[in-house]
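Chain by chain, the residues run as shown.
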Amino acid sequence: MALALLWITQLQATPSLQEEAEWQAVRDPVGYLRRLDAHPQQDMEELDKALALLSQRKPAVTDYPMPDSGWHALNGLALYRTGHVSVSSKALQARLLADQGRYPEAYRALIDYMHDYKQHFNQTPSQHAAFQAEMELARSEASNRALQQENERQRKQLLHQQSARNYQLVLVGLLASALLLLGITTHRLHRSSRHLYKLATFDQLTDLPNRRALLERLATRWQQEGPLTLLIIDIDHFKQINDRHGHQAGDRAIQLLARELRSWAPDLQLVGRWGGEEFLVAVPLPAEDCWHLAEQLRQRIALLDNPRMTISTGVAGRSPADERLGQLIHRADMAMYQAKRQGRNQTILATIPSAQDELASSVA
């Protein structure tokens, strides 16, 4: 029956002749074997499929009367077809040999089957170990990929942090540069401001306060209580010094007088160039004491040389009749002009306001 199904599988290329091929194999199995050996290229399909076809065809074949020699021929055909099968089919080969009474060969086929089965069984742990190794390798590769991804993420994060730090450093550098530039600008502005203040406050030739600055300081001092005496000092024959010795000699005479005033005046804040060759000094002392100080100064100036010069000084002390600072300045100025009229190189103390008025009218 099995052989009949195996024949059917060989005849699948021509399904219309299938039934005829089956009955030919049953009627003349030996002749069919010979014909099959003459065409070895016509291989049957897998043995499992042939056995399934055998189970389907068996009722039709068993109903057909067959001698024992025919069954042996069919078994031989099945044995012939199991000559190059897989390990799982060698048990069938041993059974077919036993059915034909070829017991030694069946025994050897069974031994081969057991040997192949053991060999296959022994290969299973090796395959399992190989599978485990492959799994470990796959897990290791997956872990390596995850580690690489983590490293790449950390690298990008580090680059981002480094970039942020670079931006911060650039920002700090820009801020520091801005602060430095601001500091330099502030320093220059402060220096320019001091220079402008000096130009607006001090005389460039003598480095003493000019008329405007001196008036501001005198106004502040005028608001305070206590004695206040003004001295207006003028260089005698200053025009002749310029004409005889040149303007440089005149500038030098002014600078020499300013130097002596610095070393002589009690308060340098109240000493300044009043205009041209005139100087004004404010002293917080009574007028009589200031007259003696002015005489000492006049004597020191008369001893100077290169160029030689003398001074005329007017001294005026504050009195109750002086309502404004300008009145006191005017009386000191009139006393200086009186010293000029009386022959120069002398110090004149201004009198009380009533007498000063008569003097002013006489000068006019």
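Only a predicted model underlies this, so the values are computations on that prediction, with no experimental measurement involved. (Residues numbered from 1 in each chain as written. Predicted model: local features only at pLDDT ≥ 70, side-chain atom pairs only at ≥ 80, totals over all residues. Heavy atoms only, no water.)

**So, the overall build of the protein chain**
The test is simple: What counts as a helix is a DSSP run of H or I of at least four residues, what counts as a strand is a run of E of at least two, and both are numbered from the N terminus. Buried residues are those whose accessible area, probed at 1.4 Å on protein chains only, stays under 20% of the maximum for their type, while exposed residues exceed 50% and partly exposed ones sit between those limits. Whether two residues are in contact is decided by their heavy atoms: any pair within 4.5 Å suffices.
Tallying secondary structure elements over the protein chain gives 13 helices and 5 strands in all. The 364 residues of the protein chain split such that 36% are buried. Restricting to contacts in the protein chain with at least 6 residues of sequence separation, those with at least 24 account for 68%.

**Notes on helix H11 (residues 287-302)**
Every α-helix carries 3.6 residues per turn, so stepping three or four residues along brings you back to the same face. Formally: Multiplying 1.5 Å by the residue count of a helix minus one yields the expected span of that helix.
With 16 residues, H11 ought to run about 22 Å at 1.5 Å a step, and its terminal C-alpha atoms sit 22 Å apart, in line with that. Among the structural elements, strand E1 (229-235), helix H10 (247-264), strand E3 (278-283), strand E4 (311-317) and strand E5 (347-349) are those in contact with the buried residues of H11.

**A closer look at the pairing of E4**
Both faces of the sheet carry side chains from a regular strand, because those side chains alternate between them. Inclusion rule: Here the rule is simple: two strands pair whenever DSSP picks up at least two bridges between them.
Most of E4 sits inside the fold, with 7 of its 7 residues counted as buried. Neither face of E4 is exposed, since Ile311, Thr313, Val315 and Gly317 on one face and Ser312, Gly314 and Ala316 on the opposite face are all buried. As judged from the 7 bridges shared by E1 and E4, these two strands associate in the antiparallel manner. Each bridged residue has a counterpart across the sheet, and for aspartate 234 the counterpart in E4 is serine 312. In terms of strand pairing, E4 meets E5 through 3 bridges, oriented parallel. Pairing of valine 315 across the sheet is with leucine 349, part of E5.

**With respect to the packing of aromatic side chains**
For clarity, the cut-off: Under the pairing criterion, centres of Phe, Tyr and Trp rings, with the six-membered ring standing for Trp, must be within 6.5 Å; the plane angle then separates stacked pairs below 30 degrees from edge-to-face pairs above 60, leaving the rest tilted. Put simply, a charge is over a ring when the Lys NZ or the Arg CZ is close to the ring centre, within 6 Å, and near the line of the ring normal, within 35 degrees.
For the structure on display, the rule yields 1 aromatic pair. With 6.4 Å between their ring centres and 75 degrees between their planes, tyrosine 197 and phenylalanine 202 make a pair best called edge-to-face. For phenylalanine 202, a relative accessible area of 23% gives the class partly exposed. For the cation-ring pair, arginine 211 lies above tryptophan 274, with the distance from its terminal atom to the ring centre recorded as 3.9 Å. A cation over a ring is seen here: arginine 318 above tryptophan 222, with NZ or CZ 4.8 Å from the ring centre.

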